[in-house]
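# Topology and contacts: notes
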Amino acid sequence: MKMKRKWLTAVAAAAVLAGSAWAQFGLGIVYDPTNYQNALLRYYQLEQQLTQLKNSYAQLVEQYNLAVRMAQNLENMPARYRAQFSEWRNGTALDAYGNTANWITGVNSGQPGVASNGYQQSTTQLLPYSSDQLSLMNSDELTRVRSQYATVELADGANTTAIEAIGSIRGNAPDAQNQIGNLEQDSLSSDPGLNTEVSVLNKINAAGVLTVRTLQDSNKLLASLLEEQTILAKQQREATTNTINADIERRAGLVANITQITGTLTDSLQNFRMP
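Presented here is an overview of the structure given in this document. (Residues numbered from 1 in each chain as written. Predicted model: local features only at pLDDT ≥ 70, side-chain atom pairs only at ≥ 80, totals over all residues. Heavy atoms only, no water.)

A word on the layout of surface pockets. A probe as big as a water molecule, rolled over the atoms, marks out the empty space that is left. Of the volumes computed, that of the largest pocket is approximately 530 Å³. Around the largest pocket, the lining is made up of 17 residues, and of these I169, A176, R213, T214 and D217 lie nearest the centre. Counting residues per element, the ones that place at least two in the lining of the largest pocket are α7 (139-188) and α8 (197-270). Considering only residue class, the lining of the largest pocket consists of eight nonpolar, six polar and three charged. (1 Å grid on protein atoms, 1.4 Å probe; cavity = no way out; pocket = protein on both sides within 12 Å on 5 of 7 lines; lining within 4 Å. Points joined across faces, edges and corners; volume = space filled by probe spheres on them. Helix = DSSP H or I, 4+ residues; strand = E, 2+ residues; numbered from the N terminus. Nonpolar A, V, L, I, M, F, W, Y, C, P; charged D, E, K, R; others polar.)

Moving on: helix α4 (residues 101-109). Taken together, the buried positions of α4 are occupied by I104, G106, V107 and N108. A positive phi of about 80° marks G110, the residue just after α4. (Buried < 20%, exposed > 50% of the residue type's maximum accessible area, 1.4 Å probe, protein only.)

All right, on to helix α5 (residues 112-121) then. Those residues of α5 that fall on the buried side of the exposure criterion are A115, G118 and Y119. Along the long axis of α5, the arc covered by the buried residues comes to 100°, so they all point the same way. Where α5 is buried, its residues contact α4 and α7. (Arc of directions from axis to C-beta. Contact = heavy atoms within 4.5 Å.)

One can find K203 in helix α8. Buried and unpaired, K203 has no salt bridge, with D186 as the nearest side chain of opposite charge at 6.8 Å. Setting aside anything within four residues of it in sequence, one finds K203 in contact with L183, D186, S187, L194 and N195. (Lys, Arg positive; Asp, Glu negative; His and termini not counted. Salt bridge = Lys/Arg side-chain N within 4 Å of Asp/Glu carboxyl O.)

Geometric descriptors of this kind do not, in isolation, establish any biological role.
And the structure:
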């Protein structure tokens, strides 16, 4: 409606000018209808361009204000968000008889040789059967002995691997803690160079990598626990299997013994004679 009113005003002004031109025609002023229409068209186009320019300017100002608000940092972020967390603690133990030092060193550092030696020194050694002893065993006894030996050896291997995994995580903990501290410091910093879009994306990527590394260490521990649980399940199965097999052998031997005793008793009764 406003635009239409402006257009009518322009047309009226042009009409007044035209009347004046016709009135002054005798003074040498010539009226050209084509130029008059072009002038009105240019005037209308200029009004449209002015309106579009005002809208574009308002939109640019709004976008600029939004960018300024998005670029503002929170004040005093360290005091608002920094928190203290517990530090990694290394394993400790007394060493009255000199057989726990290597275990502690292995569980704190993850060195393969140290962890293995420490485990062997602090556990009871498994003695082997001699060849003569093995030759005197029947097939069932030999199978049972081999299975029990395998259980102990597998348990030793799983325990050593768990010690090495724990030691590796503890050994790398200081470096990981420093990296987390650097990421925390950069995230809470008010330095404009650390809060650009690229910097923020880099910090997000770094946090993602640290999270993946932490999950990887957790998976290592879970794998060690699962391995130990598998060996314990094997040990329980062997105990149950040995009990069932022993009961089967006892029942089989009992039937044979009863049959032998019954047969002997029958013969004795049939052949018994009073003196």
